[in-house]
Amino acid sequence: SSGINAEYGQLNPGYTKAITRAAQAQLKLGNRKSVISWCDKALAIDKHNKEMIQLKVKTLQKLKEEERNERKRAALEAKERRKNAMLLEAFRLRKLNLYLADPEEDEEETAEERDTRLMESVKGSSHGHVTLNENGELVWPVRLLYPEHATSDVIQQFSELHSLSDHLSYMFPPQGESPEWDIDREYSLNNLCVIYNSGTEKIELNTGSSLLELFRKHDILIVGGVPTFEVFVKGSDSYNKNVLQGS
């Protein structure tokens, strides 16, 4: 019994030292509940044992901190699951063409596993990822390629209800400052043509249509969660080569 152990510990100091070593060993292993248990055994023998009192207090504090962090982590995970579920439902309602690689050969996949892979794909880009705002709109990172200059831009917050013109007019204002690579100041909204390259054809887009309208009309394939378009100056050599001759 604890009374017998306490009496034995008082008669045999080595017993208390063994308990102390056991508590320290469990501390190194990170077994905090076990540390507290050994501290209680030592304090049952000598309730004034300062080393065990301090160890127990510190361990209890650390344990409470870990439990608090675990609750926060679980709450964040639950919140993320809810957000993912809302995104998946938004994708389905809009019937978006989201790229997803085939599963491993001969691997059977549940709908939940497929959804998990889809979200990993959509959120895997270094350019950011799609979100659902408080108005229920999908907001995408959109990548614009400028093949003639071998450069690109990423619009981080592109609402599905906004048009390409909305952003291009801001990026290339008629009287504003041009990008450093646009030496000839050719890039302005009225001079630009935006292309969606499906891999089999190049489609000139109506820059006045909303992003969602473009998704629906052209069944645009969204790879890695980032819609990507090519921007050309109308009548340029690059336009003639890539758009007119390449279409």
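*Asks:* Explain the pairing of strand β3 (residues 138-146) residue by residue, including any values.
*Replies:* Burial analysis of β3 places seven of its nine residues in the buried class, which makes it a mostly covered element. Here two bridges tie strand β2 (residues 131-132) to β3, and the two strands are oriented antiparallel to one another. Following the sheet pairing, Thr131 is matched in β3 by Val139. Joining the antiparallel neighbours β2 and β3 is a turn of five residues, in which Gly136 adopts a positive phi near 80°. With seven bridges joining them, β3 and strand β4 (residues 151-159) adopt antiparallel strand pairing. In the sheet register, Val142 faces β4, and the bridge partner there is Ile155. Between β3 and β4, which follow one another and run antiparallel, lie four residues, and Ala150 among them has a positive phi close to 50°. Inspection of the sheet shows β3 paired to strand β8 (residues 228-233) by three bridges, in the parallel sense.

*Asks:* Describe the pattern of salt bridges, naming the residues involved and giving the relevant values.
*Replies:* Within the structure shown, the criterion is met by seven salt bridges. With a shortest N-O distance of 2.3 Å, Arg73 and Glu77 are connected by a salt bridge. Taken together, the residues span about one helical turn, with Arg73 and Glu77 both in helix α4 (residues 50-94) at a distance of four residues. Residue Glu80 is joined to Lys123 by a salt bridge in which the shortest nitrogen-to-oxygen separation is 2.6 Å. Of this pair, Glu80 sits in helix α4 while Lys123 sits in the loop between α5 (111-122) and β2, and the two are 43 residues apart along the sequence. The exposure class assigned to Glu80 is partly exposed, which follows from its relative accessible area of 32%.

*Asks:* Describe in detail a positive patch on the surface, supporting the description with residues and values.
*Replies:* Taken together, the side chains of Lys79, Arg81, Arg82 and Lys83 make up a positively charged region of the molecular surface. Here Lys83 lies in helix α4.

*Asks:* Account for the side chain of Arg94, naming residues and giving values.
*Replies:* In this fold, Arg94 is placed in helix α4. Among the residues examined, Arg94 registers a relative accessible area of 14% and is labelled buried. Leave out the neighbours within four places in its chain, and Arg94 touches Gly136, Glu137, Leu138, Glu160, Leu212 and Arg216.

*Asks:* Tell me about the packing of aromatic side chains, residues and numbers included.
*Replies:* Under the criterion given, the structure shown has eight aromatic pairs. Summarising the aromatic geometry, the rings of Phe172 and Tyr187 are spaced 5.7 Å apart at their centres and angled 40° between planes, so their arrangement reads as tilted. Placement of the pair is Phe172 in the loop between α6 (164-171) and β5 (192-197) and Tyr187 in the loop between α6 and β5, with a sequence separation of 15 residues. Under the relative-accessibility criterion, Phe172 is labelled buried at 3%. Ring geometry for Trp181 and Tyr187: centres 5.0 Å apart, planes at 85°, overall edge-to-face. A relative accessible area of 3% places Tyr187 in the buried class. An aromatic cluster is defined as three or more aromatic residues linked by ring pairs; in this entry it consists of Tyr146, Phe172, Trp181 and Tyr187.

How each quantity is defined
- Residues numbered from 1 in each chain as written.
- Predicted model: local features only at pLDDT ≥ 70, side-chain atom pairs only at ≥ 80, totals over all residues.
- Heavy atoms only, no water.
- Buried < 20%, exposed > 50% of the residue type's maximum accessible area, 1.4 Å probe, protein only.
- Helix = DSSP H or I, 4+ residues; strand = E, 2+ residues; numbered from the N terminus.
- Pairing = 2+ DSSP bridges.
- Salt bridge = Lys/Arg side-chain N within 4 Å of Asp/Glu carboxyl O.
- Patch = residues over 30% accessible without salt bridge, like charges linked within 9 Å, V, L, I, M, F, W, Y side chains within 5 Å.
- Areas by Shrake-Rupley, 256 points an atom, 1.4 Å probe, with all protein chains shown as cover.
- Lys, Arg positive; Asp, Glu negative; His and termini not counted.
- Charge placed at Lys NZ, Arg CZ, Asp CG, Glu CD.
- Contact = heavy atoms within 4.5 Å.
- Phe/Tyr/Trp six-rings, centres within 6.5 Å; stacked < 30°, edge-to-face > 60°.

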